[in-house]
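Overview (structure and organization)
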Amino acid sequence: MKRLAGKTAVVTGSSTGLGQGIAERFAEEGANVVTNARSTERAAATAEAIRDSGGESIGVGADVTRKADVIELIETAVETYGSIDIMVNNAGTTVEKPLIEQTPAEWRSVIETNLTGTFFGCQVAGEHMLDTDDDCQIINMSSIYGSGGVQGRAPYNASKAGIENLTRNVAVELADGSVQVNALAPGYIRTRLAEAPWGESIEDHPEWPYYEYADEHIENRTPLGRFGTHEAVNNCAAFLAAGEHYMTGEVLTLDGGWIAFGWGSKSR
Ligand code: NAD
């Protein structure tokens, strides 16, 4: 028996990256999956690929910063499949530049996508979930940077810290309705969002501060000495979605020991 058979899942920001992988895995686990991107075409392309692989999926274009769009996204899921059992608030963005140079518009774009979008997803999905007697799961996408600072990422890190305490708050508020609410906090996974100079060498970029993204830097900073994989994210998301756990208001961290290590560079 597939773990998510008969369940309906909405995954925001699922035309690329971690969201796409999670949507594909949930379909493999038997869920009806509603994929999402701001563009209807991109959402539909991911859904089509899932159907081509034997899964069940539709794609819905919606901008998570707009509550009306999030309502439309979730109502389409409920109208098409009869319920929403799993909500993954994954859509995210970043603007990376020094604190002093961040503009008001850049700050707002990151906070509105990551934090406000997650709030709308919890609010709208939560309202539907409270209407059922079924166990439901909300999964919010945080990051290792939900619990720490680094140069150049003030809006992103503030948004992810906000997501973690939003997760705790929503978990408490929705607990009476059998809705469990948890966050995932991945370390570095190779996706478009964080890819830019990967593969380049630190030696070629003496101007880079210590946090920049050369492979060797990330590997040296990570106790397990390697990047995380999409498979690891999918495994953790499927574990939370299946609901065979007693967790709510938790942050499930998958970071190769990044947060546990906490200080300095690892010598190898
Ligand atoms: P990505 O850029 O491939 O995925 C982000 C997705 O969100 C994109 O498909 C984008 O189009 C979508 N999106 C952005 N704004 C949106 C909006 N307003 N409405 C709807 N969709 C929107 O990058 P990713 O790495 O797969 O990131 C997915 C999530 O994982 C993000 O929340 C990110 O912060 C988080 N995360 C990523 C890593 C990593 O190393 N890749 C680590 C920790 C956390």
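Notes on the structure in this doc start here. No experiment lies behind these values; they were computed from the predicted model shown.

1. Let's talk about the nonpolar core
By size, the foremost hydrophobic cluster in this structure holds 27 residues, and its most contacted members are Val34, Ile74, Met87, Met129 and Ile138. Breaking this core down by element, the ones donating at least two residues are β3 (56-61), α3 (67-81), α4 (104-130), β5 (136-141), α5 (154-174) and β6 (179-186). Dropping the residues within four chain positions of it, Ile138 is found in contact with Met87, Asn89, Cys122, Gly126, Met129, Leu174, Val179, Gln180, Val181 and Asn182. Residues Ala9, Ile50, Val233 and Ala241 belong to the second largest nonpolar core, which totals 25 residues.

2. Structural notes on the packing of aromatic side chains
Evaluation of the coordinates by the stated rule reveals four aromatic pairs. Ring geometry for Tyr145 and Tyr188: centres 6.2 Å apart, planes at 85°, overall edge-to-face. Here Tyr188 lies in the loop between β6 and α6 (215-221) and Tyr145 lies in the loop between β5 and α5, a separation of 43 residues in the sequence. Residues Tyr145 and Tyr188 agree in their burial class; the two are buried. Where Tyr145 meets Trp258, the ring centres are 6.3 Å apart and the plane angle is 80°; that geometry is what we call edge-to-face. Pair noted here: Tyr145 is in the loop between β5 and α5 and Trp258 is in helix α8 (residues 258-261), with a separation of 113 residues, a long-range link. Relative accessible area serves as the criterion here: at 6%, Tyr145 is assigned to the buried category. For Trp258, a relative accessible area of 11% translates into the label buried. By the ring-pair criterion, three or more aromatic residues cluster together here, those being Tyr145, Tyr188 and Trp258.

3. Points about a negative patch on the surface
On the surface, Glu72, Glu75, Glu79, Glu127 and Asp131 cluster together into a negatively charged patch. Considering each element in turn, the negative patch owes the most residues, three residues, to α3. By secondary structure assignment, the location of Asp131 is in the loop between α4 and β5. Residue class for Asp131 comes out exposed when judged on its relative accessible area of 67%.

The rules behind these values
In every chain, residue numbers begin from 1 and rise along the written sequence. Where totals are concerned, whole chains, interfaces and linings use all residues; where local detail is concerned, this predicted model gives features only for residues with pLDDT of at least 70, and gives and counts side-chain atom pairs only at 80 or more. Excluding hydrogens and water, the side-chain values take into account all heavy atoms of the structure. Definition used in this section: a nonpolar core is a set of buried Ala, Val, Leu, Ile, Met, Phe, Trp, Tyr and Cys residues joined via side-chain atoms within 4.5 Å. Buried means the residue's accessible area, taken with a 1.4 Å probe over protein chains only, is under 20% of the maximum for its type, while exposed means over 50%, and partly exposed covers the values in between. In this text, helices come from DSSP runs of H or I with a minimum length of four residues, and strands from runs of E with a minimum of two, each type numbered from the N-terminal end. In this description, contact between two residues means that some pair of their heavy atoms is separated by no more than 4.5 Å. Any Phe, Tyr or Trp ring, taking Trp's six-membered ring, that has another such ring centre within 6.5 Å forms a pair; planes under 30 degrees apart are called stacked, those over 60 apart edge-to-face, and the others tilted. Every patch collects residues that have over 30% relative accessible area and no salt bridge, joining them within 9 Å if they carry like charges and within 5 Å if they are nonpolar side chains (Val, Leu, Ile, Met, Phe, Trp, Tyr). Methods summary: accessible areas were calculated by the Shrake-Rupley approach with a probe of 1.4 Å, and residue burial reflects only the protein chains presented. By definition here, a salt bridge exists when the distance from a side-chain nitrogen of Lys or Arg to a carboxyl oxygen of Asp or Glu is within 4 Å. We score Asp and Glu as negative and Lys and Arg as positive, and we do not count His or the chain ends. Every charge is mapped to an atom, namely NZ of Lys, CZ of Arg, CG of Asp or CD of Glu.

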